[in-house]
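# Coordinates in review
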Amino acid sequence: MRTSTFLLGLLTLAALPACLSLESDKQKEEAAEKAVLSKHDEAMAQTTGPVYELRQQLQQQPGPDTARTGRQIRSLLRAEAAMTGWMHQYRRPADSTAHERKLQYYARQQHKIDSVAVLISSSLDSARQVLAAGAAPTPSSAQ
């Protein structure tokens, strides 16, 4: 009886590092996924309101530079499409997927969503500049 209890204890101790390692891997996967989804949430917050509002403002803006305004509207539409495209292609890896493959997937998705966020941010900044330039008095109207 003592021998079997002792052996069971040894087996438990031998398996413990493996269990801790799995938990650590799981935590790494959860942290990687959380980082990707957090960036998505930030970018999505910019997409749902500001992109739409700026696009509407640009469409209503009377101004001499309609080509620049049109380019900026298309830029905002591309930013929206990039976000939509990312959301449609993102798939959480199956539980059966190997740990390293999950981490690689999350790293690729992080890179992609970071690129989408940069596109959204730069499109928003450019749209604001176009709107500010349209609101500023032109030299001929100031006279």
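Placed above this text is the structure.
A brief report on the enclosed structure follows.

### Focus: the overall build of the chain
Looking only at helices and strands, the chain has four helices and zero strands in total. Accessible surface, the chain as shown: approximately 9600 Å² in total, 60% of it carbon and sulfur.

### Observations regarding the nonpolar core
Leu58, Leu76 and Ile120 are the most contacted members of the largest nonpolar core, which totals 22 residues. When contributions to this core are tallied by element, the ones reaching two or more residues are helix H1 (2-60), helix H2 (66-89) and helix H3 (99-135). Considering every element that reaches this core, the biggest residue donor is H3, with 10 residues.

### Side note on the pattern of salt bridges
Across all of its chains, the model carries five salt bridges by this definition. The residue Glu42 makes a salt bridge to Lys39 at a minimum N-O spacing of 3.8 Å. A residue pair is termed a helical-turn pair when its members lie 3 or 4 positions apart in one helix, as Glu42 and Lys39 do in helix H1 at three residues. Judged by relative accessible area, Lys39 falls into the partly exposed class, the value being 25%.

### Concerning H2
Note that an α-helix has 3.6 residues per turn; residues three or four places apart therefore point the same way. The end-to-end C-alpha distance of H2, which contains 24 residues, comes to 34 Å, matching closely the 34 Å that a straight helix rising 1.5 Å per residue would cover. Of the positions making up H2, those classed as buried are Thr69, Gly70, Gln72, Ile73, Ser75, Leu76, Ala79, Glu80, Met83 and Trp86.

### Examining the side chain of Gln109
Along the chain, Gln109 falls in helix H3. Assessed through its relative accessible area of 1%, Gln109 is described here as buried. Setting aside residues no more than four positions away along its own chain, Gln109 makes contact with Val36, Trp86, Gln89 and Tyr90.

Reading the values: rules and limits
- Residues numbered from 1 in each chain as written.
- Predicted model: local features only at pLDDT ≥ 70, side-chain atom pairs only at ≥ 80, totals over all residues.
- Heavy atoms only, no water.
- Helix = DSSP H or I, 4+ residues; strand = E, 2+ residues; numbered from the N terminus.
- Areas by Shrake-Rupley, 256 points an atom, 1.4 Å probe, with all protein chains shown as cover.
- Core = buried A, V, L, I, M, F, W, Y, C linked by side-chain atoms within 4.5 Å.
- Buried < 20%, exposed > 50% of the residue type's maximum accessible area, 1.4 Å probe, protein only.
- Salt bridge = Lys/Arg side-chain N within 4 Å of Asp/Glu carboxyl O.
- Expected span 1.5 Å × (residues − 1).
- Contact = heavy atoms within 4.5 Å.

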